[in-house]
Amino acid sequence: MQAAEKPRVRVPAGSHRVAAPSPLRPQAFDAGKAGRRLRGLTTSTVAINALIRRYGRSVLARSRYLAENNPYAAAAKETFVSALVGSGIKPSSLVKDVALKAAIQEAWLDWTDETDADGLTDLYGQQALIAAEMFEAGECFVRLRPRRVEDGLTVPLQLQLLPAEMLDLADNRDLGFGRRVEMGIEFDAIGHRVAYHFWRQHPGADQRFGIYASLKTRVPAEEVLHLFKPFKVGQIRGIPHTLSAIVTAAIMDAYDDAELERKRTAALFGAFITSVSPEEDPLAQAAADAEAAGVAGAVALEPGATVDLEPGQDIKFAEPADVGGSYEAFQYRNLLRMAAGFGVPYAAMTGDLRQTSYGSIRAGLVEFRRRIEAMQHAVMVFQFCRPVWQRFIREAVLVGAIPVTPSAFIAGMRKIWRVKWITPKWEWIDPFKDRQAEKLAVDSGFKARSDVVEAEGYDPEETDARIAADRAREKKLGLSFGPAKPASGSQPPPDDDNELPPVKEAV
């Protein structure tokens, strides 16, 4: 049976045949190709927690070493700590009852001197230690330690800081029924944190005290604050703030050491006495006999000394090669790279202000402040200050440190918890211009005066109360500290250094 022939389509004369459309070909992403340009780029889709579990211990050790031994890393750490917490992130209660607010603030002020379980500093000193741990290790643990009423504390509660090494990255277990321990943190079936499995003693300690020193203790999650800045979704442990700069800092550290040693060697003034080969030197046997007799062949160079050389000998001075003119440019570019990895301004890390101007340093600080402010509110306030404040209020109510009954606290818990956290003030580059801008914004109604006071790091209500008290005391004592009024008939000061005051014409 013959197959049926397809009907032929007759194309009219003068017309053009249209080609059938070709199948669409996807346009490739250059970044996804494995070509020559990206062949050396190592990529991975491994989960962030798997990377932390595998490399976290070595990265942490290297970060701590650089922060302690590299001067630039140490300066970057101090810059980060002073910017993040400064003299402390302090609360201002939003309770409307003036007497209750004063009692809360007074109890808090007394308790801040008693918070450290180790008794070494106050609450704001602990904030600085937490910020330092955030820079080196990327995380810090705070254990809430209840105390007895008999201990005599304002509020029977203290805070114990624990470094990242106290939670074992290798502690990974399946507890059954959906529960698990991942990198020392215990999760329930729906992913909530249940407990932390801490070492009883630092695993790097060279001495062990007690039979339980090498064991772990399970601490409920309600008693632990875990501070870290998550860089990716699903991340459960912190990574050092120095991560992207560790390689650059380590190589630059080794390079600087080699350069210092080269310069030290070059600074040693040395000379070499050369002579002809022994076959041609008639005094070779005499020199060998002198060496065998213990006569030193070195010549001491002293000011004004005259050295007599034997026949056939010559003297050549050491001339080590210099580093050349590219050292400064090389250092500058790599220190910029290091500062970017550490997340601090170059000038603050190095102290080098030669290539900065008012506009450039101000623009750099504005961007740095934005990142620090985001971390202040997302990490320090949300993960540390807020839960500590709530726990403090609850314990203060139970022991009667503030005039609120437990029933009234339960009824208005959220109202009593409300608080505004005041971060340390930022120092201005040009205080006169910045204060003029702030005053103009307040006078124009674009900004509240309380916002300016808070930016200075003070409580507006407390500031107003102190101003009122000062003015009342000045009035009582007959004092006046206002701007001096110009005397009658005197000329106002010139607005510019080059502008002279007008001269009165004689009548």
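Structure shown above.
The model shown is predicted, which means the values in this text are computed figures rather than measured ones. (Residues numbered from 1 in each chain as written. Predicted model: local features only at pLDDT ≥ 70, side-chain atom pairs only at ≥ 80, totals over all residues. Heavy atoms only, no water.)

Observations regarding the overall build of the protein chain
Worth spelling out the cut-off: What counts as a helix is a DSSP run of H or I of at least four residues, what counts as a strand is a run of E of at least two, and both are numbered from the N terminus. A 1.4 Å probe rolled over the protein chains alone gives each residue an accessible area, and that area as a share of the maximum for its type sets the label: buried under 20%, exposed over 50%, partly exposed in between. Only heavy atoms matter for contacts: two residues are in contact if any of them lie within 4.5 Å across the pair. Methods summary: accessible areas were calculated by the Shrake-Rupley approach with a probe of 1.4 Å, and residue burial reflects only the protein chains presented.
Looking only at helices and strands, the protein chain features 14 helices and 12 strands. Relative to its 507 residues, the protein chain shows a buried fraction of 32%. Look at the contacts in the protein chain between residues 6 or more apart in sequence, and 68% of them connect residues 24 or more apart. If you sum the accessible surface of the protein chain, you get close to 34400 Å²; carbon and sulfur atoms cover 56% of it.

Looking at helix 9 (residues 358-399)
Operational definition: Helix span, expected: 1.5 Å multiplied by one less than the number of residues in the helix. One axis fitted to the seven residues ending at a residue, another fitted to the seven starting there: the angle between these axes is the bend at that residue.
Look at helix 9: only 54 Å from first C-alpha to last across 42 residues, short of the 62 Å you get at 1.5 Å a residue. Helix geometry: helix 9 is bent most strongly at Val 381, by close to 55°. Positioned one or two residues after helix 9, Gly 400 has a phi angle of 75°, which is positive.

Some remarks on the pattern of salt bridges
Put simply, the rule reads: The salt bridge definition used is simple: a Lys or Arg side-chain nitrogen within 4 Å of an Asp or Glu carboxyl oxygen.
Using the criterion set out here, one finds 27 salt bridges in the structure. As a salt-bridge pair, Arg 391 and Glu 395 come within 3.2 Å of each other at their nearest N and O atoms. Pair noted here: Arg 391 and Glu 395 are both in helix 9, with a separation of four residues, about one helical turn. A single burial state applies to Arg 391 and to Glu 395, both of which are buried. Close ionic contact of Arg 435 with Glu 456 constitutes a salt bridge, the shortest N to O distance being 3.6 Å. Linking Arg 435 in helix 12 (residues 431-443) with Glu 456 in the loop between helix 13 (449-455) and helix 14 (460-477), this pair joins segments that are 21 residues apart in sequence. Looking at Arg 435, the relative accessible area reads 48%, which means it is partly exposed. Classification of Glu 456 by relative accessible area gives buried; the value is 14%.

Thoughts on the side chain of Lys 101
Spelled out, the test is: N or O atoms within 3.5 Å of each other form a polar contact, as long as, within protein, one can give a hydrogen and the other can take it, and as long as residues adjacent in sequence are counted only when both atoms are side-chain atoms.
On the secondary structure map, Lys 101 appears in helix 3 (residues 98-111). A distance of 2.6 Å separates a polar atom in the side chain of Lys 101 from a polar atom in the side chain of Glu 461. Those residues in contact with Lys 101 that sit more than four places away from it in its chain are Ser 92, Ser 93, Val 95, Asp 459 and Glu 461.

Digging into the packing of helix 2 (residues 71-84) against helix 9
To keep it simple, the criterion reads: Axes here mean lines fitted to C-alpha atoms, for a helix over just the part in contact, with angles spanning 0 to 180 degrees between N-to-C directions. Two helices that cross are described as forming a left-handed crossing if the nearer one is turned anticlockwise from the farther one by less than a right angle, and a right-handed crossing if clockwise. Three classes are used, and their members are as follows: Ala, Val, Leu, Ile, Met, Phe, Trp, Tyr, Cys and Pro are nonpolar, Asp, Glu, Lys and Arg are charged, and the others, Gly among them, are polar.
It is at 9 Å that the axes of helix 2 and helix 9 come closest, and there the two elements cross at 65°. Regarding helix 2 and helix 9, the two cross each other, and that crossing is right-handed. In this structure, helix 2 uses Thr 79, Phe 80, Ala 83 and Leu 84 to contact helix 9, whose residues at the interface are Phe 368, Ile 372, Met 375, Gln 376 and Met 380. Per-class residue counts for the contact of helix 2 with helix 9 are seven nonpolar, two polar and no charged.

Describing the environment of Asp 97
Tracing the sequence through the fold places Asp 97 in the loop between strand 1 (90-93) and helix 3. Remark: the alpha-carbon pair of Asp 97 and Ile 416, spanning 319 residues in sequence, is separated by 9.9 Å.

Structural notes on the pairing of strand 4 (residues 173-176)
Operational definition: Pairing between strands is defined by DSSP: at least two bridges between the two strands are required.
Bridge analysis of strand 4 against strand 5 (residues 179-182) gives three bridges, and the strand direction is antiparallel. From the neighbouring strand, Asp 174 faces strand 5, where its bridge partner is Arg 180. Hairpin connection between strand 4 and strand 5: a loop of two residues separates the two successive antiparallel strands, and Phe 177 in this loop has a positive phi of roughly 60°.

Here's the deal with a positive patch on the surface
For clarity, the threshold we go by: Two distance rules govern patches: like charges are joined within 9 Å, and nonpolar side chains (Val, Leu, Ile, Met, Phe, Trp, Tyr) within 5 Å, applied only to residues with over 30% relative accessible area and no salt bridge. A positive count includes Lys and Arg, and a negative count includes Asp and Glu. His and the chain ends are not counted in either. Taken as the charge location is NZ of Lys, CZ of Arg, CG of Asp or CD of Glu.
Among the surface-exposed residues, Lys 96, Arg 414, Lys 415 and Arg 418 lie close enough to one another that they form a single positively charged patch. Structurally, Arg 418 is set in the loop between helix 11 (413-417) and strand 12 (419-422).

Thoughts on the sheet that holds strand 2 (residues 139-146)
One open sheet accounts for three strands, arranged 3-2-9; its pairing is antiparallel. Edge positions in the sheet fall to strand 3 (157-162) and strand 9 (224-228), since each of these pairs with one other strand and no more. The average angle at which neighbouring strand axes cross in this sheet is 25°, direction not considered. Lying over the sheet, helix 9 contacts strand 2, strand 3 and strand 9, oriented at roughly 160° with respect to strand 9.

Let's talk about the nonpolar core
To be explicit about the condition: Among buried residues, those of type Ala, Val, Leu, Ile, Met, Phe, Trp, Tyr and Cys that are joined through side-chain atoms within 4.5 Å constitute a nonpolar core.
Residues Trp 108, Ile 130, Phe 342, Phe 384 and Ile 393 are the most contacted members of the largest nonpolar core, which totals 63 residues. For this core, the leading source of residues is helix 9, giving 14 residues. If we skip the residues at most four places from it in the chain, Ile 393 touches Ile 104, Ile 402, Phe 409, Ile 416 and Trp 417. The next biggest cluster of nonpolar side chains, apart from the first, holds 18 residues, and it includes Ile 52, Ile 185, Phe 198 and Trp 199.

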